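Topology and contacts: notes
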Amino acid sequence: MISAAVWAIIRARSARPARLLRTLVPAVLIVSLIPDVMVGVADSRPGTSWGAVIDLMVMHVAVTAVAVPAYLRFLPLRGDQD
């Protein structure tokens, strides 16, 4: 999983990984929702509804909600003073 690799790189190389990830995780989540919204707005795919688009957006949020605690457990961040 690419996100786990990026988490590990940030964990290893950043002076303050927790601080960086507190900014980066929400930003990446928001960016990941942009294509979903564009599919809904463009209405270019036959059979695509806003319900399906919202379901896809909820899946992005759910994956983030599961991945971040898993990464914190299996790839813990060192205790930086933020």
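Figured I'd write up the structure that's included with this text. Going along each chain's sequence as written, the residues are numbered from 1 onward. Per-residue local features of the predicted model are confined to residues with pLDDT of at least 70, and side-chain atom pairs are confined, for both listing and counting, to 80 or more; whole-chain, interface and lining totals are unaffected and use all residues. Only hydrogens and water are set aside when side-chain values are computed; all heavy atoms of the structure are taken into account.

**Examining helix α2 (residues 17–42)**
Going along the chain from the N terminus, every DSSP run of H or I of four or more residues is numbered as a helix, and every run of E of two or more is numbered as a strand. The span expected for a helix works out to 1.5 Å for each residue beyond the first. Here α2 is 26 residues long and its end C-alpha atoms lie 37 Å apart, about the 38 Å a rise of 1.5 Å per residue gives. A contact between two residues is defined here by any heavy atoms of the two lying within 4.5 Å. For α2, the secondary structure elements touched by its buried residues are α1 (2–13) and α3 (50–74). Aspartate 43 sits one or two residues past α2 and shows a positive phi near 50°.

**Some thoughts on the packing of α1 against α3**
To characterise two packed helices, one gives the angle between the axes of the helices and the distance between these axes. At their nearest, the axes of α1 and α3 sit 11 Å apart, and the two run at 45° to each other. If you check the angle between α1 and α3, you find them oblique. Like other packed secondary-structure pairs, α1 and α3 cross with a definite hand, here right-handed. Only Val68, Tyr71 and Leu72 of α3 make contact with α1, whose side of the interface consists of Ser3, Ala4 and Trp7. Residue polarity is assigned by list, with Asp, Glu, Lys and Arg as charged and Ala, Val, Leu, Ile, Met, Phe, Trp, Tyr, Cys and Pro as nonpolar; anything else, Gly included, falls into the polar class. Residues that form the contact of α1 with α3 fall into these classes: five nonpolar, one polar and no charged. Throughout, an axis means a line fitted to C-alpha atoms (over the contacting stretch in the case of helices), and angles, computed between N-to-C directions, take values from 0 to 180 degrees. Any angle between 65 and 115 degrees counts as roughly perpendicular, while under 35 counts as roughly parallel, over 145 as roughly antiparallel, and the rest as oblique. Crossings are sorted by hand: turned counterclockwise from the far helix by less than a right angle, the near helix makes the crossing left-handed, and turned clockwise it makes it right-handed.

**Quick word on the side chain of aspartate 36**
As for its position among the elements, aspartate 36 is in helix α2. Partly exposed describes any residue whose relative accessible area lies between the buried limit of under 20% and the exposed limit of over 50%, with all areas from a 1.4 Å probe on protein chains only and scaled to the type maximum. Judged by its relative accessible area of 6%, aspartate 36 falls in the buried class. Not counting residues up to four positions away in its chain, the partners in contact with aspartate 36 are Val53, Leu56, Met57 and His60.

**Quick notes on the packing of aromatic side chains**
Two rings from Phe, Tyr or Trp (for Trp, the six-membered ring) form a pair when their centres sit within 6.5 Å of each other. Planes less than 30 degrees apart are called stacked, planes more than 60 degrees apart edge-to-face, and all others tilted. One pass over the full model with this rule turns up one aromatic pair. Measuring from ring centre to ring centre gives 5.3 Å for tryptophan 7 and tyrosine 71, while their planes differ by 50°; the resulting arrangement is tilted. Of this pair, tryptophan 7 sits in helix α1 while tyrosine 71 is found in helix α3, placing the two residues 64 residues apart along the sequence. Assigned by exposure class, tryptophan 7 and tyrosine 71 land together as buried.

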